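# Coordinates in review
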Amino acid sequence: MLLKKPKRESAEINGSSMADIAFLLLIFFLVTTTINVDTGIGLVLPPPLEDDVEPPPIKERNLMNILVNQEGRIVMDEEFYQLGEVKARLIEFIKNPTADPNLAETPDLAIVSIRTQRETPYRIYVDMLDEVMGAYKDLRDEASRANYGVPYGALEEDSPQQEQVKDMYPKKISIAEPNE
Amino acid sequence: MAHFKKKNAGSKQEVPTSAMPDVVFMLLFFFMVTTVLREVTLQVRVNLTQAENIEKIEQKRLLSYVYIGPERLPGNKLGEDKVQIDDAIIEDIGAIRTLMYDKLREQPKLIVSLRVDENSQFGLLTDVQEELKQASTFRINYSTRREAN
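In this section: the overall build of chain A. When its secondary structure is counted, chain A shows 4 helices and 6 strands. Taken from the N to the C terminus, the helices and strands of chain A come in the order α-β-β-β-β-α-β-α-α-β. Taken over C-alpha atoms, the radius of gyration comes to 30 Å for chain A, far larger than the 16 Å a tight globule of 180 residues would show. If one aligns the C-alpha atoms of chain A with their principal axes, the spans along those axes are about 115 × 45 × 40 Å. Going through the 180 residues of chain A one by one, you find that 37% of them count as buried. Summarising the internal contacts of chain A: among those between residues at least 6 apart in sequence, 66% fall at separations of at least 24.

Okay, here's the thing in structure tokens:
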């Protein structure tokens, strides 16, 4: 005789707590996520000098020597400057609006050389570099506005316009090795 | 006197919540994908300095970090300035050359992000830069925070 098995209850997984679990995970990832974009001052180092190759000659007038000493004082071409004055002075040097024979011949020949001492605090050095970058940014902005009516940052990346502004004011920054 | 009669809602009003798990899962996946768990434990203290004219680096996978700062010692003390790459403190500065050269071979467009403590001195940094030049990793980036105005 066959006994009819009692009908089983339909097996179902209770899904109501799934939302809670998902919430828990969500909160975990929310807390651990750091959406931080790396920001900083970009620079391209020069290749190391070969021993037997002389560095190319640079006209003195095209070179702006900036020295930051261990106390954080800034010397530009043998004169003391405050950090706030550096940018204006650099713009004057690069553009040379009055065709001063002591300043850069043309903007694209200008070279900014930053020399430090080993004891120079890093913060002062970055502040200094920031000012130099600021000077170039202002110049490029100005050139871009004059030619294309938009700030430099609005130009398309690697577009011919951007390249042209870059060629007008190439960032030539040399980080000299510190003298002891 | 007129009585104000409370109006009865015609039907029960409920926000349907059945789609909530889906929404939550979507958010969950978003955060799971964007999360980058901290890969290195810092053995040196790095308080970044601030600057105004900074650029963003979008391609994070090109980056390789070099940390420079005072070493963290047990008991909340700080030691001498040290260089840390990946998970280890590099005692021999000359080893950076081969290390970086290997990284450059893996990623030819490598950008070295220098995360330097604001109170360190320039001397150690310049030694590191000299090594980077020798390793031909020329693209560097001084990591800074945006200046709060």
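A few words on a negative patch on the surface. There is a patch of like negative charges on the surface, built from A:Asp108, A:Glu157, A:Asp158, A:Glu163 and A:Asp167. With respect to the secondary-structure elements, A:Asp167 resides in helix H4 (residues 160–168).

A few words now on the environment of B:Asp127. Its location among the elements puts B:Asp127 in helix H3 (residues 122–134). Separated by 33 residues in sequence, B:Asp127 and B:Gly94 place their C-alpha atoms 9.0 Å apart. Other than its neighbours up to four places away in sequence, B:Asp127 contacts A:Arg118 and B:Ile93.

Our focus in this paragraph is the sheet that holds strand S3 (residues 74–76) of chain A. All names here are of chain A. Pairing in this open sheet of 5 strands is mixed, and the strands run S4-S3-S2-S5-S6 from one edge to the other. The open sheet is flanked by strand S4 (79–81) and strand S6 (173–175), the only strands paired with a single partner. Within the sheet, the average angular offset between the axes of one strand and its neighbour, ignoring direction, is 25°. By the bridge criterion, 3 bridges tie strand S2 (residues 63–68) to S3 in an arrangement that is antiparallel. By the bridge assignment, Ile66 is partnered in S3 with Met76.

Criteria and cut-off values
Residues numbered from 1 in each chain as written. Chains lettered and ligands numbered in written order. Predicted model: local features only at pLDDT ≥ 70, side-chain atom pairs only at ≥ 80, totals over all residues. Heavy atoms only, no water. Helix = DSSP H or I, 4+ residues; strand = E, 2+ residues; numbered from the N terminus. Rg over C-alpha atoms; globule rule 2.2 N^0.38 Å. Buried < 20%, exposed > 50% of the residue type's maximum accessible area, 1.4 Å probe, protein only. Contact = heavy atoms within 4.5 Å. Patch = residues over 30% accessible without salt bridge, like charges linked within 9 Å, V, L, I, M, F, W, Y side chains within 5 Å. Areas by Shrake-Rupley, 256 points an atom, 1.4 Å probe, with all protein chains shown as cover. Salt bridge = Lys/Arg side-chain N within 4 Å of Asp/Glu carboxyl O. Lys, Arg positive; Asp, Glu negative; His and termini not counted. Charge placed at Lys NZ, Arg CZ, Asp CG, Glu CD. Pairing = 2+ DSSP bridges. Axes fitted to C-alpha atoms, helices over the stretch in contact; angles between N-to-C directions.

Any functional reading would require information that these geometric values do not contain.
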